[in-house]
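Here is what each chain is made of, one letter per residue.
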Amino acid sequence: MDNCTVSHINSGLRTAWAELPSGNIHNRSLAPWEYRVDIDMNRYPHHIFMAHCLHKHCLGPIHKGNTNRYSNVVGISYFMTVYYRHPCEHSDFVRLSSAALEVTTGCTCVSSQ
């Protein structure tokens with residue numbers, strides 16, 4: 001059976017971060033970011049919200065909107081285990097393979113090197 005086995009996928013895996021974090025910390029940060037949803041219907045979870053940094057340099061705390069060229073914005077990320085579906089030959093079954101996916105959850109300021 002092409003190394004395919006029957007397994008059950010927990011429906012809770014369909015979306016990572018079904019609700020975005022409350023508050024507007026992503027807009028109030030000196031390294032603001034926005035969330036974008038990454039969709040892959042052959043992956044579990046199908047929908048993953050990822051942060052995308054809006055600036056290359058940090059915003060200044062006094063002069064709103066101006067960037068500080070002595071500090072850089074970097075993403076804060078972690079590796080999440082996801083599962084990809086692969087069709088099995090000669091059957092309606094699928095094979096799952098696990099992989100580590102880097103997920104950015106926010107952005108922060110660091111001093112320039």
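Only a predicted model underlies this, so the values are computations on that prediction, with no experimental measurement involved.

Core analysis: the biggest nonpolar cluster contains eight residues, these being Ala31, Trp33, Tyr35, Phe49, Ala51, Cys58, Val73 and Cys107. When residues of this core are traced back to their parent elements, those giving at least two are β2 (33-39) and β4 (47-53). In contact with Ala31, other than residues within four places in its own chain, are Val73, Cys107, Thr108 and Cys109. One finds Ile48, Met50, Met80 and Leu101 within the second-largest nonpolar core, a separate group that totals six residues.

Okay, the pattern of salt bridges next. All chains considered together, the criterion is met by two salt bridges. In this structure, Glu34 and Arg36 form a salt bridge, with 2.9 Å as the shortest nitrogen-oxygen distance. Put simply, Asp38 and Arg43 hold a salt bridge, and the shortest N to O gap is 2.5 Å. A residue is classified by how much of its surface remains accessible, and Asp38, at 30% relative accessible area, is partly exposed.

Here the amide bond leading from Tyr44 into Pro45 is cis, since omega sits at 0°, within 30 degrees of zero. In this structure, Pro45 sits in the loop between β3 (43-44) and β4. A positive phi angle is found at His90, which is not glycine, with a value near 60°. Given the relative accessible area of 79%, His90 is considered exposed.

This brings us to the pairing of strand β6 (residues 67-87). As judged from the two bridges shared by β3 and β6, these two strands associate in the antiparallel manner. Along β6, the bridge assignment pairs Arg43 with Tyr84. Pairing between strand β5 (residues 57-59) and β6: three bridges, direction antiparallel. Counted as the bridge partner of Leu59 is Thr67 from β6. In this sheet, strand β7 (residues 94-111) lies alongside β6 in antiparallel orientation, the contact comprising 17 bridges. Paired with Met80 across the two strands is Leu101, which belongs to β7.

Moving on: the environment of Leu54. Mapped onto the fold, Leu54 is located in the loop between β4 and β5. Under the relative-accessibility criterion, Leu54 is labelled partly exposed at 42%. Residue contacts for Leu54: discarding those within four places in its chain leaves Pro32, Trp33 and Glu34.

Basis of the calculations
- Throughout, a residue's number is its position along its own chain's written sequence, starting from 1.
- For a predicted model such as this one, the threshold for reporting local features is a pLDDT of at least 70, and the threshold for listing and counting side-chain atom pairs is 80 or more; totals across whole chains, interfaces and linings nevertheless cover every residue.
- By convention in this description, side-chain values take in all heavy atoms of the structure and omit both hydrogens and water.
- Side-chain atoms within 4.5 Å are what join buried Ala, Val, Leu, Ile, Met, Phe, Trp, Tyr and Cys residues into a set we call a nonpolar core.
- Whether a residue is buried, partly exposed or exposed follows from its accessible area with a 1.4 Å probe, protein chains only, as a fraction of its type maximum: under 20%, in between, or over 50%, in that order.
- We count a stretch as a helix when DSSP gives it H or I for four or more residues in a row; a strand needs E for two or more, and each element gets its number in order from the N terminus.
- Here, residues are in contact when the closest pair of their heavy atoms is within 4.5 Å.
- By definition, a salt bridge exists where a carboxyl oxygen of Asp or Glu is found within 4 Å of a side-chain nitrogen of Lys or Arg.
- Strands pair, by our definition, only if DSSP identifies at least two bridges between them.

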